[in-house]
Amino acid sequence: MGHCRPGPSAENPGPSVAEIVSVRSTERASKMSAAAGGLRQLLTAAVTAGAAEARAAVFGHAVNPSGKRAATKLLRKKFIGEQLVQWYPYDIKRDDPIVMAREEKERLTKLEMLKRRGKGPPKKGQGRRAVKRSK
């Protein structure tokens, strides 16, 4: 029990009541001031956050308190898909089955000519990758 404070003795009568009260009141005051400081910080943080949200609502900004990356800047831009579609003319050939059949027939005749010359596509499993593997 060497770690305990020695109690009052004949030669050391201990602290007076006034000393105890003053020590306790200063401890309470320091705790209250710390709590008040914490409360003050909490209130200022809440007011700042509220002001940021109000500012964002008024000016149309996005609130990003964490500061992480977000796509808000990208999403603010106008979409260009419709203008892009309007730029290119409509292809009527795709709707006409006669034109599509003729193009398919041309493709097949070209493929047949290439095969006769030995320049056509290889059979399945005999392409460049298979040739590489067999070396």
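So, how was this worked out
Residues numbered from 1 in each chain as written. Predicted model: local features only at pLDDT ≥ 70, side-chain atom pairs only at ≥ 80, totals over all residues. Heavy atoms only, no water. Helix = DSSP H or I, 4+ residues; strand = E, 2+ residues; numbered from the N terminus. Buried < 20%, exposed > 50% of the residue type's maximum accessible area, 1.4 Å probe, protein only. Areas by Shrake-Rupley, 256 points an atom, 1.4 Å probe, with all protein chains shown as cover. Salt bridge = Lys/Arg side-chain N within 4 Å of Asp/Glu carboxyl O. Patch = residues over 30% accessible without salt bridge, like charges linked within 9 Å, V, L, I, M, F, W, Y side chains within 5 Å. Lys, Arg positive; Asp, Glu negative; His and termini not counted. Charge placed at Lys NZ, Arg CZ, Asp CG, Glu CD. pLDDT = per-residue confidence, 0-100. Expected span 1.5 Å × (residues − 1).

A.B. asks: Describe the overall build of the protein, naming the residues involved and giving the relevant values.
C.D. replies: A tally of helices and strands in the protein yields five helices and zero strands. Here the protein, with 135 residues, has 2% of them falling under the buried criterion. Within the structure as shown, the protein displays about 13700 Å² of accessible surface, and the carbon and sulfur contribution to it stands at 61%.

A.B. asks: Quick rundown of the pattern of salt bridges? Include the residues and the values.
C.D. replies: Counting across every chain of the model gives five salt bridges. Taking the shortest distance from any N to any O, the salt bridge between E103 and R94 comes out at 3.7 Å. The exposure class assigned to E103 is partly exposed, which follows from its relative accessible area of 28%. Among the ionic contacts, a cluster of salt bridges with common partners joins D91, K93, R94 and E103.

A.B. asks: Lay out a positive patch on the surface with the relevant residues and their values.
C.D. replies: Together, R128, R129, K132 and R133 make up a positively charged patch on the protein surface. Tracing the backbone shows R129 in helix 5 (residues 128-134). We classify R129 as exposed; its relative accessible area is 64%.

A.B. asks: Please set out a nonpolar patch on the surface residue by residue, giving values where relevant.
C.D. replies: On the surface, L39, L42 and L43 cluster together to form a nonpolar patch covering roughly 310 Å² of accessible area. Along the chain, the position of L39 falls in helix 1 (residues 17-59).

A.B. asks: Could you give me a rundown of the confidence of the model for the protein, with the residues and numbers involved?
C.D. replies: Across the protein, the average pLDDT comes to 78, with 73% of residues at or above 70. The spread of mean pLDDT over the elements of the protein runs between helix 1, the lowest at 72, and helix 4 (residues 97-117), the highest at 94.

A.B. asks: Before we move on, can you summarise helix 4 with the specific residues and values?
C.D. replies: For an α-helix the count is 3.6 residues per turn, leaving residues at separations of three or four pointing the same way. With 21 residues, helix 4 ought to run about 30 Å at 1.5 Å a step, and its terminal C-alpha atoms sit 31 Å apart, in line with that. Phi for G118, located one or two positions after helix 4, is positive at around 85°.

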